[in-house]
Every structure is written in C-alpha cells, then in structure tokens.
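What the coordinates show
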Amino acid sequence: LKTGIIGTGKVGHIHAAALMELPESEFTAVCNVNFKGAQAFAEQYRVKAYADVDEMVASGVEAVTVCTPHPLHAEPTTKAAQAGAHVIVEKPMASSLADCDAMIRAARDAGVKLAMISQRRLYAPVLRIKKAIEDGKLGQPILGTVNMLGWRDLAYYQSNAWRGTWKGEGGGVLVNQAPHQLDILQWFMGPINQLFGC
C-alpha cells in the first residue's frame, strides 16, 4: 500500500520509521497544516509534503496514519476516509464521543478501514498472557483490574497547549495515559457488556 502520515510531531517520526521498514508499505507522503513542518519532515524521509489531506490522498496514498494531537484526530481522519484512504489513528481515537462517531461514520460510508493504535497488545508478556487465557491455562477470567502508577510533571503538561485540558485531552489521565492499559484489560477479559462511571 502507498502510505502517508498526517502530523509531523514526535509520534509521526515513530510511524515514519515503521512505514519505511514494513514490506507492505510504500511510504510516500506526509501532510501537516504547517507546510514548512511537512517539508522538513518530507526531506528527512524522502517523501512528498502536503498541507491538504485530500490532495495527499488524491496523489495515490491508500492508507494513512494520523499522528496529530488528540483534539486534531477527527478532521484529518474523516477527510482521509472520505477521500478513500484507510486510516489508523493514534490513541485515543478522539477527544469526544461525537468525534469518534463522525470518524466511524466516515469510514463506514466510504467503505474503508479505520483502526486505532493498540501496540501494547504485541508486547511479549501480553501475548503470553493472552495465549495462556485462550489455551485455558489460567481458567476463565472473572475479575480484572488496572492499577496504574505513573507521573507526569508540569513540564509535560506545558509542552503542548492541548495537554491537561478537558477540551484537549477529552478526559484527562483516563483518556491520555490509560488507554493502553484499559485496552489490554478488555482484550484479556473479553467484550464489554456494560460501562458506567461515578
């Protein structure tokens, strides 16, 4: 597949390295609303720079990864899907349920695939536990919990204006730092039947 990246920050470089190595990927393009940023990124990876998602997909890009900040996931995802590209988006999918719904609807309407990054499922210890559950070695899990110990200092929250805000992160630590752990929990335990908060 001809692949492209939307967003040229730290995570974009991680995706670029992966897309260059994957035999299934022909990494060809990068898009950023800041065209100078896109150009610098493009020069580093020898791909073409764009400032417009539609134009990038029209160039022949078949799949994109969205590596923008959380509040900026929805617009490029829906544009890329509507233009006919498959989309994989960094976690969390978006900062609001309305944005998630719009992204899912755009992908369904266009008949393209939409996925979210869940790379911790591929960690060796996680795969070992999943296989043990599937093989019946651990019995039927009936209770699972996540205890997450972590620390983010003030510098982290001041590194981007969207960090540490309800509008930007869409739910604080639960949405910004915990999605990987919550994903692994539900992957081990099985599909979610009910969700509530207090």
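This section reports on the structure supplied with the text. Since the structure is predicted, the reported quantities are computational estimates derived from the model, not experimental observations.

**What to know about the side chain of Asp183**
If you trace the backbone, Asp183 turns up in helix H10 (residues 179-189). In this structure Asp183 comes out as buried when scored by relative accessible area, which is 12%. Asp183 has contacts with Ser118 and Arg121, leaving out every residue within four places of it along the chain.

**What about the nonpolar core?**
Grouped together as the largest cluster of nonpolar side chains are 23 residues, with contacts concentrated most on Ile6, Met56, Val64 and Ala80. Those elements that place two or more of their residues in this core are strand S2 (26-31), helix H3 (53-58), strand S4 (63-66), helix H4 (74-82), strand S5 (86-89) and helix H5 (97-110). Here the element with the most residues in this core is H5; it accounts for four residues. Setting aside chain neighbours within four positions, we find Met56 in contact with Ile5, Ile6, Ala29, Val30, Cys31, Tyr50, Val61 and Val64. Membership of the second largest hydrophobic core comes to twelve residues, among which are Ala16, Phe41, Tyr45 and Val47.

**A few points about the layout of surface pockets**
Here the idea is plain: a probe the size of a water molecule rolls over the atoms and shows the empty space left. Of the volumes computed, that of the second largest pocket is approximately 1,200 Å³. Contributing to the lining of the second largest pocket are 27 residues, with Leu174, Leu182, Gln186, Ile192 and Leu195 lying nearest its centre. Elements with a contribution of two residues or more to the lining of the second largest pocket: H5, helix H9 (173-176) and H10. Counting residues per element, the lining of the second largest pocket draws most heavily on H10, at six residues. Looking at the lining of the second largest pocket residue by residue, the classes come out as 17 nonpolar, eight polar and two charged.

**Considerations on the pairing of S5**
Burial of the side chains of S5 is restricted to one face: Val87 and Val89 are buried, whereas none of His86 and Ile88 on the reverse face is. By the bridge criterion, four bridges tie S4 to S5 in an arrangement that is parallel. Within S5, the residue paired with Val66 across the bridge is Val89. Note that the unit made of S4, H4 and S5 has a crossover that is right-handed. By the bridge criterion, three bridges tie S5 to strand S6 (residues 114-116) in an arrangement that is parallel. Across the sheet, the residue bridging to Val87 is Leu114, located in S6. Traced from S5 through H5 to S6, the parallel crossover comes out right-handed.

Thresholds, definitions, all that
- Residues numbered from 1 in each chain as written.
- Predicted model: local features only at pLDDT ≥ 70, side-chain atom pairs only at ≥ 80, totals over all residues.
- Heavy atoms only, no water.
- Helix = DSSP H or I, 4+ residues; strand = E, 2+ residues; numbered from the N terminus.
- Buried < 20%, exposed > 50% of the residue type's maximum accessible area, 1.4 Å probe, protein only.
- Contact = heavy atoms within 4.5 Å.
- Core = buried A, V, L, I, M, F, W, Y, C linked by side-chain atoms within 4.5 Å.
- 1 Å grid on protein atoms, 1.4 Å probe; cavity = no way out; pocket = protein on both sides within 12 Å on 5 of 7 lines; lining within 4 Å.
- Points joined across faces, edges and corners; volume = space filled by probe spheres on them.
- Nonpolar A, V, L, I, M, F, W, Y, C, P; charged D, E, K, R; others polar.
- Pairing = 2+ DSSP bridges.
- Right-handed = clockwise from strand over helix to strand, strands pointing away.

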